[in-house]
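# Tertiary structure, described
Okay, here's what each chain looks like letter by letter:
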Amino acid sequence: MWDDAFPSFLIGLREGLEAGLIVSILVATLVRAGAKNRLPQVWTGVLAAIALAMSFGAVLTFTAASLSATAQETFGGTLSIIAVAFVTAMVFWMRRSARSLSGEIKEKVTGALAMGSGMLIVTSFLAVGREGLETALFLWTTARAAGESVGPMVGAGIGLVIAAGLCWGLYRRVLKINLTKFFTATGVVLIVIAAGVLGYGLRDLQEGGVLPGKAAFAFDISQSVDPNAWYTTLVQGVLNLQPAMTWLQIAGYGAYLAVVMTLFVRGVRTAAKPAPAPRAAETKQAQPVEDKQPVEAASTDEKGTGSEQDEEKPAEEKTEPAAAAESGQDARPEPAAAARKRPAWLVPVAVVAVPAVIAGGIVVFGKSKPAGAPTIAVSEKECGKGFTAPKPGRQTFQMQNTGDKTSEVYLVDPASNAVYGEIEGLAPGTTRDLVATIAGGSYAWRCVPTGGKAVTSAAVRGSGGGGAKAVVPVSEEDLAGPLRAYRKYVDAGLAKLADQTQQLSDDLAGDDLDAARTDWLTAHRTYSSLGAAYGTFEDFDKRINGRADGLPDGPKDKDFHGFHRIEYGLWHGASADELTGPAKQLHSDVLGLRKAFPTQDFDPGDLPLRSHEILENTLQFELTGDTDQGSGTNLATADANLTGTRELLDVLRPLITKRDPQLLTTIESDIARLQTLLDGAHHDGAWTPVEKLDATTRQKVNGVTGQLLEHLAPVPDLLEIRKSA
């Protein structure tokens, strides 16, 4: 849990210390001015700021929970970037304002004293409120990035408690801290953490469809690292660096870190230049907690702090009543009398309660959105209870599971079983929104409880022009034909692969390294064109096409097998004798796979998924050069992957055409563009290595592949097997 707690601990410690220093200065200034009776007004403002911060966090949590999955990604990403901006501004503000903080606060307090109790409450509220809102926003962001709230909340709590203890020690002058070094060191760490939060926020915006490049991964080592290892969780929790990150995330992370860290360090060096020596009188008057301390904690320019020394004040700093008495003026007892008639608890309670009431109002108002949204019951006995003829246009239905089983929920056309909207995994006792567009047609609810039979409600008629777009459901029977056709394709490919790996083994046995390089590429392209079957190859895929990532000795590790092991040897000067054993093992594994494949399970639902995943892996591994072991043939592999995708779309063509005829036209146009770019990198039997592509061409290849992936993304949803019983 500590990996998730550390960023929140640091923000709690730093923000808590900043807020605590401000409160200490406020209190010390009032004590020094002989206005202890005004301290409750300071604490009222402080409590109001805390209430506002907590209410703000509650509103953020509720708002996010009330949005759709895509909207949640957009909302979270936007707030992550705002949090980064706040934290960055806070780091620079404290570096710039630390030396003058005490004077500024004293000046504001002096002005507030002259204007009455209300202004003193407002002054303390504003002084602490900014720190509270920054803390709430950053904690909400880090908790969302961590995927849980216990660790971040514990870390923040510990940080705030320690900050409170430090502030008390500074106020009582029993503790000395070099605050310059403290705020500099924590500023550097916070900038690094904020860079990770920025990367996470950019990824959320990509997932929400606001920013492009969702599938344009710069790297993906998720298969090579242990997600449960301490170092993995530490890096993810503290730095928000993920095993797979897109180019946009990397660019944002690097640019932020380079620019902000440079400006921060430059500012620290500038501030560190020696200042002119102060005059003796000033030196005697100013007694900071420590020589290098930039913040005068609890008014350190006075002789003392606290009640023991509050009587030692110069004559010129007499209180307003005393000064008025000496001059013979009216000490204004009437307002004081009026103040005594007002209950002492009224203002504090009112100020603390107002933010909570506002937050509650937002929650209640938000819960009722959208106005008039009907609540529809979901269970084995009450599927569709409360459903009446819906209004035309985009509608939101609140689906409430009143049963005792998790259920799938579909809004369907009962005549054709076409699906207008769905919710997967609606747990008992929970309510979620389902959004659908209503037009003229017939509508009914279908509830499919886990382990139970499907229940369909009575149909109602919707009015309105045009027709709402619905997806004709796909069953396992619908995918049975395409699955048989694809299994036949894979069987033929494995038979060809067995002959090719035998030829590769013979080349090496005959000490013909040139022929081995040619035949290696031929065999590897054949295997790469069978991408949709990778999910069924089980352990054979790791032995045949495994990578060296994560192995203790890398490419020279004894557990490194298959195509890439042979590739490394062929292009790194290994002899034929050294590679004969790995080649024979590769051929043996291919024969084992060919024998096992007919009996291996091939989930029909995997076919639509693989239509997207093959090229997603291509973008992550081949087009980044990540899998290259020296041959420079990643684009040849990408070409084979494209062939496999095209074959898969061919067997799925009837199902896709029936549901979205235009989609295939768009996809095929993208495939043709990508094929042209890949062909352009193939000259005289040789392939241009990825890293040797010119910048424009490489950008085009990545861009077209990313666009193709976006157009392929609807296929798995379009052909998803939906429960009907």
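Counting starts from 1 at the beginning of each chain's written sequence and moves along it residue by residue. Predicted model: local features are reported for residues with pLDDT of at least 70 only, side-chain atom pairs are reported and counted for 80 or more only, and whole-chain, interface and lining totals are derived from all residues. Note that the side-chain values use all heavy atoms of the structure and ignore hydrogens as well as water.

## As for the overall build of the protein
- Labels follow the DSSP assignment, with helices taken as runs of H or I lasting at least four residues and strands as runs of E lasting at least two, numbered in each case from the N terminus. For the protein, the count of helices and strands is 23 helices and twelve strands.
- Each of the 725 residues in the protein was classed as buried or not, and the buried ones make up 47%.
- What makes two residues a contact is simply this: any of their non-hydrogen atoms within 4.5 Å. Long-range pairs, those at least 24 residues apart, make up 76% of the contacts in the protein with a sequence separation of at least 6.
- Here the protein displays about 34600 Å² of accessible surface, and carbon together with sulfur accounts for 58% of that area. Note on exposure labels: buried denotes an accessible area under 20% of the residue type's maximum, exposed denotes more than 50%, and partly exposed covers the range between, all computed with a 1.4 Å probe on protein chains only. Surface accessibility follows the Shrake-Rupley procedure with a 1.4 Å probe radius. Residue values consider only the protein chains on display as shielding.

## Some points on a negative patch on the surface
- Among the surface-exposed residues, E476, E477, D478, E538, D539, D601 and D603 lie close enough to one another that they form a single negatively charged patch.
- Ranked by the residues each element gives to the negative patch, the list is headed by helix α14 (residues 476–509), at three residues.
- Relative to the helices and strands, D539 resides in helix α16 (residues 539–545).
- For D539, a relative accessible area of 57% corresponds to the exposed category. Within the patch definition used here, like charges are joined within 9 Å and nonpolar side chains (Val, Leu, Ile, Met, Phe, Trp, Tyr) within 5 Å, considering only residues with over 30% relative accessible area and no salt bridge. Each reported salt bridge corresponds to a side-chain nitrogen of Lys or Arg within 4 Å of a carboxyl oxygen of Asp or Glu. Counted charges follow a simple rule, with Lys and Arg positive, Asp and Glu negative, and His plus the chain ends left uncounted. Charged side chains are reduced to one point each, which is NZ for Lys, CZ for Arg, CG for Asp and CD for Glu.

## Details of the packing of aromatic side chains
- To pair, rings of Phe, Tyr and Trp, with the six-membered ring standing in for Trp, must have centres within 6.5 Å; the planes then decide the type, stacked if under 30 degrees apart, edge-to-face if over 60, and tilted in the middle. Tallied over the full model, the rule gives twelve aromatic pairs.
- The rings of W520, Y527, F537, F563, W571 and F597 are connected pair by pair, giving a single aromatic cluster.
- As a reminder, the over-ring test applies to NZ of lysine and CZ of arginine, requiring each to be within 6 Å of the ring centre and within 35 degrees of the ring normal. The cationic tip of R487 hangs over the ring face of F597; the distance from NZ or CZ to the ring centre is 4.8 Å.
- Above the face of the F621 ring, R547 is positioned so that its terminal group lies 4.3 Å from the ring centre.

## Things to note about the side chain of H587
- Within the secondary structure, H587 sits in helix α18 (residues 576–596).
- A 3.5 Å cut-off defines polar contacts: any pair of N or O atoms within that distance qualifies, except that in protein one atom must be a possible hydrogen donor and the other a possible acceptor, and neighbouring residues in sequence count only when both atoms are side-chain atoms. A polar contact is formed between the side chain of H587 and the side chain of T501, at a distance of 2.9 Å.
- Among all residues touching H587, those that are not within four sequence positions of it are A498, T501 and Q502.

## Describing the pattern of salt bridges
- What the rule picks out here adds up to twelve salt bridges.
- Two residues, R610 and E613, come together in a salt bridge whose shortest N-O distance is 2.9 Å. Note that R610 and E613 are positioned in helix α19 (residues 606–622) at a spacing of three residues, about one turn of the helix.
- Across the salt bridge formed by E668 and R653, the nearest N and O atoms sit 2.6 Å from each other. Of this pair, E668 sits in helix α21 (residues 661–679) while R653 sits in helix α20 (residues 634–659); the two residues are 15 residues apart in sequence, bridging distant segments of the chain.
- Owing to a relative accessible area of 35%, E668 belongs among the partly exposed residues under this scheme.
- Beyond isolated ion pairs, a larger network of salt bridges with shared partners links R547, D549 and D626.

## Digging into the packing of α19 against helix α22 (residues 695–712)
- Angular values range over 0 to 180 degrees, each being the angle between N-to-C directions of two axes fitted as lines to C-alpha atoms, with helices fitted over their stretch in contact. Orientation of α19 relative to α22, taken along the N-to-C sense of each, is 160°, at an axis distance of 9 Å. Judged on the interaxial angle alone, α22 and α19 are roughly antiparallel. Where α19 crosses over α22, the handedness of that crossing is left-handed. Between α19, through S611, H612, L615, E616 and L619, and α22, the contact on the second element is made entirely by N702, T705, L708, L709 and L712. Our angle categories are set so that under 35 degrees counts as roughly parallel, over 145 as roughly antiparallel, 65 to 115 as roughly perpendicular, and the remainder as oblique. If you view the pair so one helix is near and one far, a crossing is left-handed when the near helix is turned anticlockwise from the far one by less than a right angle, and right-handed when it is turned clockwise.

## Observations regarding the state of the cysteines
- Counting rule for disulfides: a pair of cysteine sulfur atoms within 2.5 Å. Inspection of every chain in the model, using the stated rule, returns one disulfide.
- Paired by a disulfide, C383 and C447 hold their sulfur atoms 2.0 Å apart. Here the disulfide of C383 and C447 is right-handed, its torsion about the S-S bond being about 85°. One end of the pair, C383, is in the loop between β3 (375–378) and β4 (393–401); the other, C447, is in strand β8 (residues 441–449), with 64 residues separating them in the sequence. Taken individually, C383 and C447 each receive the classification buried, so the pair is uniform in this respect.

## Quick look at the sheet that holds strand β7 (residues 431–438)
- For two strands to count as paired, DSSP must find a minimum of two bridges between them. Across the sheet, three strands lie side by side as β3-β4-β7; this open sheet has mixed pairing. Each end of this open sheet is capped by a strand with a single partner; those strands are β3 and β7. Going from strand to strand, the sheet's axes swing by 35° on average, the running direction of each strand aside.
- In the sheet, β4 pairs with β7 via eight bridges, with the strands oriented antiparallel. Opposite G393, over in β7, you have I438 as the bridge partner.

## As for the packing of α20 against α21
- Relative orientation of the contacting elements α20 and α21 amounts to 165°, with a least axis distance of 10 Å. As the angle between them shows, α20 and α21 are arranged roughly antiparallel. When the axes of α20 and α21 are compared, the crossing they make is left-handed. Here L635, A638, D639, L642, R646, L649, R653, I656, T657 and R659 of α20 lie close against α21, whose contacting residues are P661, L663, L664, I667, E668, I671, L674, Q675, L678 and D679.
- Among the residues forming the contact of α20 with α21, the class breakdown is twelve nonpolar, two polar and six charged. For this classification, Asp, Glu, Lys and Arg are treated as charged, while Ala, Val, Leu, Ile, Met, Phe, Trp, Tyr, Cys and Pro are nonpolar and the rest, including Gly, are polar.

## Regarding a nonpolar patch on the surface
- Residues L47, I50 and M54 make up a contiguous nonpolar surface patch of roughly 310 Å² in combined accessible area.
- The class for M54 is exposed, based on a relative accessible area of 61%.

## Remarks on α20
- When the terminal C-alpha atoms of α20 are compared, their 35 Å separation across 26 residues agrees well with the 38 Å that a helix rising 1.5 Å per residue should span.
- One fitted axis covers the seven residues ending at a residue, a second covers the seven starting there, and the bend at that residue is the angle between these axes. Bending of α20 peaks at approximately 60° at the position of L652, with proline P654 no more than four residues after it. An expected span of 1.5 Å times one less than the residue number is assigned to each helix.

## Section: unusual backbone geometry
- Residues other than glycine seldom take positive phi values, yet D511 does so here, at roughly 60°.
- Mapped onto the elements, D511 comes out in the loop between α14 and α15 (513–528).
- What makes D511 exposed here is its relative accessible area of 56%.
- The phi angle at D684 is positive, at roughly 55°, despite the residue not being glycine.
- Relative to the assigned elements, D684 resides in the loop between β11 (682–683) and β12 (686–687).
- Taking relative accessible area as the criterion, D684 reaches 84% and is therefore assigned exposed.

## Some remarks on α14
- Here α14 contains 34 residues, and its C-alpha end-to-end distance of 47 Å stays within 8% of the 50 Å for a straight helix at 1.5 Å per residue.
- D511 occupies a position one or two residues after α14 and carries a positive phi of about 60°.

## Some remarks on the pairing of β8
- Burial analysis of β8 places nine of its nine residues in the buried class, the great majority of the element.
- Of the two faces of β8, the one holding G441, Y443, W445, C447 and P449 and the one holding S442, A444, R446 and V448 are both buried throughout.
- Direction of pairing for strand β5 (residues 407–412) relative to β8: antiparallel, over a ladder of six bridges. Bridge pairing in β8 links V412 to A444.
- By the bridge criterion, three bridges tie β8 to strand β10 (residues 460–462) in an arrangement that is antiparallel. Bridge pairing in β10 links S442 to R461.
- Strand direction decides the pairing type here: β8 and strand β9 (residues 455–456), joined by two bridges, are antiparallel. Across the sheet, C447 pairs through a bridge with V455, a residue of β9.
- Between β8 and β9, which pair antiparallel one after the other, the connecting turn spans five residues, and G451 there sits at a positive phi close to 75°.

## Re the confidence of the model for the protein
- Every residue carries a pLDDT, the predictor's confidence in it, which falls somewhere between 0 and 100. Confidence in the prediction for the protein averages 76 pLDDT; 71% of positions are at 70 or higher.
- Confidence scores differ between elements of the protein, with helix α11 (residues 320–327) showing the lowest mean pLDDT of 35 and α15 the highest of 96.
- Low confidence marks residues 278–340, where pLDDT is under 50. Its contacts with residues over four positions away, or in another chain, come to 78 contacts.
- Note on residues 362–371: pLDDT under 50 across the span, and seven contacts to partners over four residues away in sequence or across chains.

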